Amino acid sequence: MTSIPPTEAQVRLPRSEAVKVASDYLREPLATEARQPTSHFSEAAVQILKFHGSYQQDDRDKRQELRQQGLERDFSLMLRTRQPGGYVPAPLYRTLDALADQYGNGTLRVTTRQTFQMHGVLKANVQTVIEAIVRNMGTTLATCGDINRNVMAPPAPFLNRPSYRHAQDYARRLSDLLLPRTRSYYELWIDDQELELPILPELSPLPKIHLDDPVEPLYGNQYLPRKFKCAITVPDDNSVDIYSQDIGLIVITDAKGELRGFNILVGGGMGRTHNKEETFPLLGQPLGFVPAAQIETVIQAILAVQRDHGNRQDRKQARMKYLVHNWGIRKFRQVVQAYAGQKLKPWHKIPPFPAGLNYLGWQPQGDGKLFLGLSIPNGRIRDTEDSQLKTALRLINEQFALPLQLSPTQDVILRDIDPQWREKITTILRQHCVPLPDDLSPFTRLAMACPALPTCGLAITESERVLPDLVRQVETLWGEVGLADTPLIIRMTGCPNGCARPYLAELGLVGTLPGYYQVWVGASANGSRLAQVLWEKMPLAGLAEALKPVFTFYKQERYMGERFGDFCHRVGLSQLPQESAPSVSD
Ligand code: SRM
Ligand code: SF4
């Protein structure tokens, strides 16, 4: 397959960096290969494709059989949309629902960053799918790749609470601000020359921050060393897991609800690699307070510091969390201040976040309308024999044209509901056997798993497909030891990358070897303390049983109201019973 040969200077760059530079602002070799009648893209094109919002995958359930038959892998593409604050306009949902049936695997998946993923799109159809998304108020631009991803915000449409409105508003503004300026996305995927393209805010020149690059003043032609993630929240809501973000903003208002500015956290991140001690999850650290008028400059300054000083030689050390960690927050702050040309103000004191919020069930929006939070197990919207969730959501969309809010816990909120429609909506859900939140067990409502097998190329173990069973087992055991009324947040991932943020769960399960999981405990239920490893390799089959003595000990020794994570942290992991943990040999 054709690709532009790199120049001599580019040859010295690590391959991942050279590919970005040679791409001519995210065009080649993707543009050339997209027109070729092949089943899949080359490695370089795959890297550029990510910036356009898509990953090349193959069906891992079929890999071995195809290999034995001497056939190539069953390739397809996963597409990811951008929904700042999780907001999804009704026409976009209708489009995605239809596209998933026509071109995807018939499912949509709500992600842990409040976007949609569509799996199973063939290379030949990717242009049609992206164009349809763009024509219907959506985009997949910069949802993957070494660039700023979807900007998160608390999903609850509390329209009478100014702080929530500010968070949603700034999620959109910062998402637009940090989009790439190259037009390659539209050149590649949009055939319709008449289509009105979105207008992005103009980047006013910022001498120390912007590069001498007419196309990408903020990113340059090498973009960032690694992926970059931002979220905005309000002081009494940590549903976005604000400490896990590269940049976390907390809205600060005055007594009348007027926006004063933002507390800023920097350097959070979950990803790690087994047996590489130099990789680890980190919580964001307080950088300071920035008045609203300066926030866009300071955000660009932080991003530019990572652009210029982040590690471009080693992708395992390239996230901004390692820069903050290695420099220390004081030096990081000084450099950001120099880039931004201003001193940051002291962090505004805020109370601790409440534990494990979600927005399930019927609630008033504060403007006379209602919203309904539906728990979507692992975010997977599909029809099964037991429940026709996808059909029900489509019918509701057709009849009431409701916008959605996607939540950071992979749930869906139907918003702007006229109270008169409540009964009809409930009837549609009931007729299609869609469980309402009260029908689901408390653990199921809180639990999250990443997709893992069969789509994720990095998965070591199962996750989404085994979590429901495991949750049932753990919840039964929890009840048996007398804890039925106490909540527990369980999160599982098929590898240590941390896509379901397991290191912030009260019980985190992380795939280590096929069939085996690391067990993490001790995180706080409000997302402000990381978990630690209790067991390195536990077979899935024995996991629930091995936890029984730990749960019993917790039941006996906990303080009144003390959560499981807080208890494990207080007593120390070495004090937790180990005797029934099956011994595992390497
Ligand atoms: Fe993730 C890579 C799925 C949120 C950390 N993530 C992947 C890929 C694309 C695998 C790949 O690179 O080939 C997964 C696609 C699986 C599939 O079949 O769909 C994938 N990540 C997901 C989603 C869909 C999980 C979910 O259950 O919803 C989430 C999509 C979010 C979105 O809408 O943008 C998702 N990923 C996260 C999060 C959580 C978050 O952002 O709040 C994290 C941890 C936070 C962080 O970034 O530190 C996360 N994903 C990773 C990493 C490790 C990054 C690192 O710093 O080491 C990788 C691998 C990589 O980048 O090399 C990864
Ligand atoms: Fe894939 Fe690992 Fe992310 Fe799960 S945590 S989706 S297995 S990269």
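Residues numbered from 1 in each chain as written. Chains lettered and ligands numbered in written order. Predicted model: local features only at pLDDT ≥ 70, side-chain atom pairs only at ≥ 80, totals over all residues. Heavy atoms only, no water.

1. Things to note about the packing of helix H10 (residues 295-309) against helix H11 (residues 320-327)
For any two helices packed against each other, the geometry comes down to the angle between their axes and how far apart the axes lie. What counts here: Only the stretch in contact is used when fitting a helix axis, every axis being a line fitted to C-alpha atoms; angles between N-to-C directions are given from 0 to 180 degrees. Only runs of H or I of at least four residues qualify as helices and only runs of E of at least two qualify as strands under DSSP, and these elements are numbered from the N terminus. These descriptions rest on fixed angle ranges, namely under 35 degrees for roughly parallel, over 145 for roughly antiparallel, 65 to 115 for roughly perpendicular, and the rest for oblique. Throughout, a residue-residue contact means that at least one pair of heavy atoms, one from each residue, lies within 4.5 Å. Note that Gly is not counted as nonpolar here; it falls among the polar residues with everything else outside the nonpolar set of Ala, Val, Leu, Ile, Met, Phe, Trp, Tyr, Cys and Pro and the charged set of Asp, Glu, Lys and Arg.
Between H10 and H11, whose axes approach to 10 Å, the crossing angle comes to 85°. On the basis of the axis angle, H10 is roughly perpendicular to H11. In this structure, H10 contributes Ile302, Val305, Gln306 and His309 to the contact, and H11 contributes Met320, Leu323 and Trp327. Grouping the amino acids of the contact of H10 with H11 by side-chain chemistry returns five nonpolar, two polar and no charged.

2. Quick notes on the pairing of strand E7 (residues 247-253)
Consecutive residues of a regular strand have side chains that alternate between opposite faces of the sheet. Inclusion rule: Whether a residue is buried, partly exposed or exposed follows from its accessible area with a 1.4 Å probe, protein chains only, as a fraction of its type maximum: under 20%, in between, or over 50%, in that order. By the convention used here, strands pair only if DSSP detects at least 2 bridges between them.
Counting buried positions over the seven residues of E7 gives six, a clear majority of the element. Where strand E6 (residues 230-233) and E7 come together, four bridges link them in parallel fashion. Paired with Ile232 across the strands is Leu249, a residue of E7. Bridge analysis of E7 against strand E8 (residues 259-266) gives seven bridges, and the strand direction is antiparallel. Counted as the bridge partner of Val251 is Phe262 from E8. Between the antiparallel neighbours E7 and E8 lie five residues, among them Gly257 with a positive phi of about 90°.

3. Looking at the packing of aromatic side chains
Centre-to-centre distance and the angle between the planes together describe a pair of aromatic rings. Selection rule: Stacked, edge-to-face and tilted labels apply to pairs of Phe, Tyr and Trp rings (six-membered ring for Trp) whose centres lie within 6.5 Å, assigned for plane angles under 30 degrees, over 60, and everything in between, in that order. Charge over a ring is defined by NZ of Lys or CZ of Arg lying within 6 Å of the ring centre and within 35 degrees of the ring normal.
The tally for this structure, following the rule as stated, stands at 21 aromatic pairs. With a centroid separation of 5.8 Å and 45° between ring planes, the pair formed by Tyr93 and Phe116 is classed as tilted. Remark: Phe116 occurs in strand E5 (residues 116-121) and Tyr93 occurs in helix H6 (residues 90-102); sequence separation between them is 23 residues. Take Tyr93: its relative accessible area is 2%, and that puts it in the buried class. Since its relative accessible area comes to 1%, Phe116 is described here as buried. Three or more aromatic residues joined by ring pairs form one cluster here, namely Phe443, Trp478, Phe551, Phe553, Tyr554, Phe564 and Phe567. In this structure, Arg173 packs its charged tip against the face of Tyr170, placed 4.4 Å from the ring centre. Positioned above the aromatic ring of Tyr554 is the side chain of Arg558, whose terminal nitrogen or guanidinium carbon lies 5.3 Å from the ring centre.

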